[in-house]
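So the chains spell out like this:
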Amino acid sequence: AQTVTQSQPEMSVQEAETVTLSCTYDTSESDYYLFWYKQPPSRQMILVIRQEAYKQQNATENRFSVNFQKAAKSFSLKISDSQLGDAAMYFCAYRRPNTGNQFYFGTGTSLTVIP
Amino acid sequence: GAVVSQHPSWVICKSGTSVKIECRSLDFQATTMFWYRQFPKQSLMLMATSNEGSKATYEQGVEKDKFLINHASLTLSTLTVTSAHPEDSSFYICSAHTRDPRFEDTQYFGPGTRLTVL
């Protein structure tokens, strides 16, 4: 089974500052998908951003962007201009294509935003 | 769009009873639905994958007879926790995947169900 590692159990950032959450994964596949999901205190999982492995260009979604390093199997999430509403658990997830679409989740990073 | 609902949002039951949790995709047909379990401050653990009209595929270590999954239609999957015990208390989350071109190719998650077994 694929493994996804998030080495930062907790992170904090000052409001309006930038923070980067790290994620590494282990796979022998060349084609796959990577995701970042946010889980606020409500516990509703919310898609933040996704990246297809065959795309070299890093995905961007407003204040959220990723640094995808395929050779290093690294997929970090950068949050710019952090807002109080960004406070949540962030999960990195890996998915192989055409395999039933199962996700393999990392252990999560709890992000605190300091006003 | 791509809304997934779960019912109930929380349930308290006595040890030995069975509890059914429903997962519905409201505005799309789900190719596949997934059931996860999440303990406090931990990640989501995949329990099973279900496709409409076929038997669910359970992850290693998940008891099929204890966690019954029925996927009766393309918009409804149910998880029944049979003969529940206090150790089954947890947060259960479902998700749905769709090939509907209106939505992204990803899983859409329900809001979760908190089960407490006394």
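What counts, and where the lines are drawn
Residues numbered from 1 in each chain as written. Chains lettered and ligands numbered in written order. Predicted model: local features only at pLDDT ≥ 70, side-chain atom pairs only at ≥ 80, totals over all residues. Heavy atoms only, no water. Contact = heavy atoms within 4.5 Å. Buried area = accessible area lost by both parts, 1.4 Å probe. Salt bridge = Lys/Arg side-chain N within 4 Å of Asp/Glu carboxyl O. Polar contact = N/O pair within 3.5 Å; in protein donor to acceptor, adjacent residues only side chain to side chain. Helix = DSSP H or I, 4+ residues; strand = E, 2+ residues; numbered from the N terminus. Buried < 20%, exposed > 50% of the residue type's maximum accessible area, 1.4 Å probe, protein only.

**Observations regarding the interface of chain B and chain A**
Thought 1: With 22 residues of chain B at the interface, the matching set in chain A holds 19 residues.
Thought 2: Carbon and sulfur atoms make up 47% of the surface buried where chain B meets chain A, a total of about 1,700 Å² over both sides.
Thought 3: Salt-bridge contacts for Glu104 of chain B lead to Arg50 of chain A; the nearest nitrogen and oxygen are separated by 3.7 Å.
Thought 4: Counting across the interface, chain B meets chain A through eight residue pairs in polar contact (both at pLDDT 80 or more).
Thought 5: Of all the secondary-structure elements, those providing two or more residues to the side of chain B that touches chain A are β4 (32–38), β5 (44–51), β9 (90–97) and β10 (107–109) of chain B.
Thought 6: For the side of chain B that touches chain A, the element with the highest residue contribution is β4 of chain B, accounting for four residues.

**Some thoughts on the environment of Ser50 of chain B**
All names here are of chain B.
Thought 1: Here Ser50 shows up in strand β5.
Thought 2: Ser50 sits 47 residues away from Val3 along the chain, and the two C-alpha atoms are 18 Å apart.
Thought 3: Every residue in contact with Ser50, bar those within four places of it in the chain, is listed here: Thr32, Met33, Ala56, Ile69, His71 and Ser77.
Thought 4: Side chain to side chain, Ser50 and His71 meet in a polar contact 2.8 Å long.

**Looking at the pattern of salt bridges**
Thought 1: Tallied over the full model, the rule gives eight salt bridges over all chains.
Thought 2: Taking the shortest distance from any N to any O, the salt bridge between Lys66 of chain B and Asp88 of chain B comes out at 2.9 Å. One end of the pair, Lys66 of chain B, is in the loop between β6 (57–58) and β7 (67–73); the other, Asp88 of chain B, is in the loop between β8 (76–81) and β9, with 22 residues separating them in the sequence.
Thought 3: Judged by its relative accessible area of 4%, Asp88 of chain B is buried.
Thought 4: Here the residues in one salt-bridge network are Arg50, Glu52 and Lys55 of chain A together with Glu104 of chain B, joined through shared partners.

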